[in-house]
Amino acid sequence: MTRRTFVIAIDGPAASGKSSTAQMVAEKLGYLHVDSGSLYRAATAATLRDQSDPSKWTEQAVLDAARPVELRAARTSFYPLLEGRAIEDEIRGGEVTDNVSRVAQMPRVREWVNQKVRDAAKSRNVVVDGRDMGTMVFPDADLKIFLVADSRERAARRLRQRGTPASQQMLDDETMRITERDARDAGQTVPAADSVMIDTTGLTQQEQVEQIVTLSKQRSG
Ligand code: DC
């Protein structure tokens, strides 16, 4: 069946500003934001509740633990619930962040996430963000964006988000962590051939959002 909703896919590496940009674009256009990474994180959080040793996790155990995860629509975004409860703080914690790449390597978990994201887009115009939205999940997206930024700049943004003054050493450490995550997620993080690449290193968030909103208005005619 042909999709009748409008889909904007925003992909890019860790800390490239995808989620906050996608959220702002969604708000400007009156669409709903779907953060696909939040589902990988929710599956990880659910499995951590059941089994504390991630080295023993099987794909089936992750799928079983993730069964009670649902994606709920709010005013401007979809967000994951686990057993009916919001889990935002839990999914952003260090333990989930340290183990989510392992879960994101599991092919059936990827199918589970992809299905939930596609279901969300069945009835609503959406801005989806992740690594493979424009390649695997919505190869027919109306607009595909791939955000890139220098790894040191991404590290500096992460530290600013946390709101604590950062030393040179902290910046070096965060840059290293981001480079390691890039390597772990590299297999999934491939730009679609028909995506628009935006290097955000020298751009403000507002400028990124405006560029995407303008492109989207051109595409929707
Ligand atoms: O963007 P994030 O940090 O919330 O992503 C969490 C993890 O999920 C990270 O390891 C990358 C992975 N991911 C993925 O493989 N594919 C997606 N579409 C989104 C996230």
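Further up the page is the structure itself.
Everything quoted here is computed from the prediction, not taken from an experiment.

Go over the pairing of strand β6 (residues 126-130) with me, naming the residues and quoting the values.
Here β6 lies mainly inside the structure; 5 of its 5 residues are buried. Here β6 shows two buried faces, one formed by V126, V128 and G130 and the other by V127 and D129. When strand β1 (residues 7-11) meets β6, the two strands line up parallel, connected through 5 bridges. Directly across from A9, in β6, lies its bridge partner V128. Taken together, the 4 bridges between strand β2 (residues 32-35) and β6 define a ladder with parallel strand orientation. Residue D35 lies in a different strand from β6, and its bridge partner there is D129.

Any chance you could break down the layout of surface pockets for me, citing the residues and the numbers?
Estimates place the volume of the largest pocket at around 1,300 Å³. Lining the largest pocket are 50 residues; nearest its centre among them are A15, S19, R41, R92 and R158. The greatest single-element share of the lining of the largest pocket, amounting to 7 residues, is contributed by helix α9 (residues 168-185). A class-by-class count of the residues in the lining of the largest pocket yields 11 nonpolar, 18 polar and 21 charged.

Go over the sheet that holds strand β7 (residues 143-148), please, and point to the residues and values.
Pairing within the open sheet is parallel, and its 5 strands lie in the order β2-β6-β1-β7-β8. Edge positions in the sheet fall to β2 and β8 (196-199), since each has one partner strand and no second. Each strand of the sheet is rotated relative to its neighbour by a mean of 20°, with strand direction disregarded. Relative to the sheet, helix α2 (residues 36-50) contacts β2 and β6, its axis offset from that of β2 by approximately 45°.

Quick one: what's the story with empty space enclosed by the protein, residue by residue and with numbers?
Counting across every chain of the model gives 1 cavity of 30 Å³ or more. Considered as a void within the structure, the largest cavity measures approximately 30 Å³ in volume. D11, G134, T135, K144, I145, V190, P191, A192 and S195 are the residues that line the largest cavity. Mapped by element, the contributors of at least two residues to the lining of the largest cavity are α7 (133-137) and β7. Residue composition of the lining of the largest cavity, grouped by class: 4 nonpolar, 3 polar and 2 charged.

So, the packing of α2 against helix α5 (residues 94-104): which residues are in play, and what are the values?
α5 packs onto α2 with a crossing angle of 110° between their chain directions and a minimal axis gap of 8 Å. In terms of their interaxial angle, α2 and α5 are classed as roughly perpendicular. Of α5, the residues touching α2 (which contributes Y40, R41, A43, T44, A45 and L48) are E95, V96, T97, N99, V100, V103 and A104.

Can you lay out the packing of aromatic side chains for me, pointing to particular residues and giving the numbers?
Counting across every chain of the model gives 1 aromatic pair. Between F6 and Y31 the ring centres are 6.0 Å apart and the planes differ by 55°, which places this aromatic pair in the tilted class. Placement of F6 in the segment before β1 and of Y31 in the loop between α1 (18-29) and β2 is noted, with a sequence separation of 25 residues between them. The exposure class of F6 is buried, given its relative accessible area of 11%. According to the relative accessible area criterion, Y31 is buried, its value standing at 12%.

So what's going on with the nonpolar core? Which residues, and what values?
Membership of the largest hydrophobic core comes to 39 residues, with the highest contact counts inside it found for V34, W112, V117, V126, V128 and F138. When residues in this core are grouped by element, the largest group, 7 residues, is from α2. Not counting residues within four places of it along the chain, the set of residues in contact with F138 comprises R3, V7, V117, R118, A121, V128, M133 and K144.

About the cut-offs
Residues numbered from 1 in each chain as written. Predicted model: local features only at pLDDT ≥ 70, side-chain atom pairs only at ≥ 80, totals over all residues. Heavy atoms only, no water. Buried < 20%, exposed > 50% of the residue type's maximum accessible area, 1.4 Å probe, protein only. Helix = DSSP H or I, 4+ residues; strand = E, 2+ residues; numbered from the N terminus. Pairing = 2+ DSSP bridges. 1 Å grid on protein atoms, 1.4 Å probe; cavity = no way out; pocket = protein on both sides within 12 Å on 5 of 7 lines; lining within 4 Å. Points joined across faces, edges and corners; volume = space filled by probe spheres on them. Nonpolar A, V, L, I, M, F, W, Y, C, P; charged D, E, K, R; others polar. Axes fitted to C-alpha atoms, helices over the stretch in contact; angles between N-to-C directions. Contact = heavy atoms within 4.5 Å. Parallel < 35°, antiparallel > 145°, perpendicular 65-115°, else oblique. Phe/Tyr/Trp six-rings, centres within 6.5 Å; stacked < 30°, edge-to-face > 60°. Core = buried A, V, L, I, M, F, W, Y, C linked by side-chain atoms within 4.5 Å.

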